[in-house]
Amino acid sequence: MSDQDTKPWVIVSNVKENTTPQDLARISPLVSALVDDWQSKGKIMWSGAFDNEASSMAVFEATEQEAKEFFQKYGDVCSGVLEYKTYQWDAMPILSIISK
């Protein structure tokens, strides 16, 4: 698999313990802008919150370089407010199937 092959990626986020509603209100439009920018390029991203109202997950397909760039931008926006982990997901590439 070359660097240009797309793979599924996941970002799992959790609100930090001392995060205020104002912190969330500040980063929310910035995260939305990141997702909008991603999708404006014709790429799919599924995201949503878990029932605990403190955690969320986003799933998308990207090359390794695209994923690294997105993770960096996400970290720049969220690092003080959210704890987050990024993973290359070895699950079935469902987004590729759905997008065709």
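Higher on the page you've got the structure.
From a predicted model like this one, the values you see are computed outputs, not experimental measurements.

A. Up close: unusual backbone geometry. Phi at Glu 53 is positive, roughly 60°, even though this residue is not glycine. Tracing the backbone through its elements, the reader meets Glu 53 in the loop between strand 2 (45-49) and strand 3 (55-62).

B. Here's a closer look at the nonpolar core. Membership of the largest hydrophobic core comes to 18 residues, with the highest contact counts inside it found for Met 45, Phe 60, Phe 70, Phe 71 and Tyr 74. Among the secondary structure elements, those contributing two or more residues to this core are strand 1 (7-15), helix 1 (21-40), strand 3 and helix 2 (64-78). A per-element tally of this core places helix 2 first, with six residues. Those residues within four positions of Phe 71 in sequence are excluded, and the remaining contacts are Trp 9, Ile 11, Phe 60 and Thr 86.

C. Looking closely at the sheet that holds strand 1. Taken in spatial order, the four strands of this open sheet run 2-3-1-4, and their pairing is antiparallel. Each edge of the open sheet is held by one strand with a lone partner, namely strand 2 and strand 4 (82-88). Each strand of the sheet is rotated relative to its neighbour by a mean of 15°, with strand direction disregarded. For strand 2 and strand 3, the ladder comprises five bridges, and the chain directions are antiparallel. Paired with Ser 47 across the bridge in strand 3 is Ala 58.

D. Inspection of the pattern of salt bridges at higher detail. With the rule as written, the count across this model stands at four salt bridges. When salt bridges with common partners are traced through the structure, they connect Lys 7, Glu 64 and Lys 68 into a single cluster.

E. Inspection of helix 1 at higher detail. The terminal C-alpha atoms of helix 1, which comprises 20 residues, lie 28 Å apart, in line with the 28 Å expected from a rise of 1.5 Å per residue. Residue Ile 27 marks the point of greatest curvature in helix 1, where the axis turns by about 30°; the proline Pro 29 follows within four residues. Listed in full, the buried residues belonging to helix 1 are Ile 27, Leu 34, Val 35 and Trp 38. Structurally, helix 1 contributes buried residues whose contacts are with strand 2, strand 3, helix 2 and strand 4. Immediately downstream of helix 1, the backbone of Gly 42 shows phi near 80°, a positive value.

F. Representation of the side chain of Lys 7 within the structure. If you trace the backbone, Lys 7 turns up in strand 1. Residue classification places Lys 7 among the buried positions, given a relative accessible area of 14%.

G. Representation of the packing of helix 1 against helix 2 within the structure. Closest axis-to-axis distance for the helix 1/helix 2 pair is 9 Å, and the angle between their directions is 165°. Between helix 1 and helix 2, the interaxial angle falls into the category roughly antiparallel. The way helix 1 lies across helix 2 gives a crossing that is right-handed. Along the contact surface, helix 1 presents Ile 27, Leu 30, Val 31, Leu 34, Asp 37 and Trp 38, while helix 2 presents Glu 66, Phe 70, Lys 73, Tyr 74, Val 77 and Cys 78. Looking at the contact of helix 1 with helix 2 residue by residue, the classes come out as nine nonpolar, no polar and three charged.

Reading the values: rules and limits
Residues numbered from 1 in each chain as written. Predicted model: local features only at pLDDT ≥ 70, side-chain atom pairs only at ≥ 80, totals over all residues. Heavy atoms only, no water. Helix = DSSP H or I, 4+ residues; strand = E, 2+ residues; numbered from the N terminus. Core = buried A, V, L, I, M, F, W, Y, C linked by side-chain atoms within 4.5 Å. Buried < 20%, exposed > 50% of the residue type's maximum accessible area, 1.4 Å probe, protein only. Contact = heavy atoms within 4.5 Å. Pairing = 2+ DSSP bridges. Axes fitted to C-alpha atoms, helices over the stretch in contact; angles between N-to-C directions. Salt bridge = Lys/Arg side-chain N within 4 Å of Asp/Glu carboxyl O. Expected span 1.5 Å × (residues − 1). Bend = angle between axes of the 7 residues up to and from the residue. Parallel < 35°, antiparallel > 145°, perpendicular 65-115°, else oblique. Left-handed = near helix turned anticlockwise from the far one by under 90°. Nonpolar A, V, L, I, M, F, W, Y, C, P; charged D, E, K, R; others polar.

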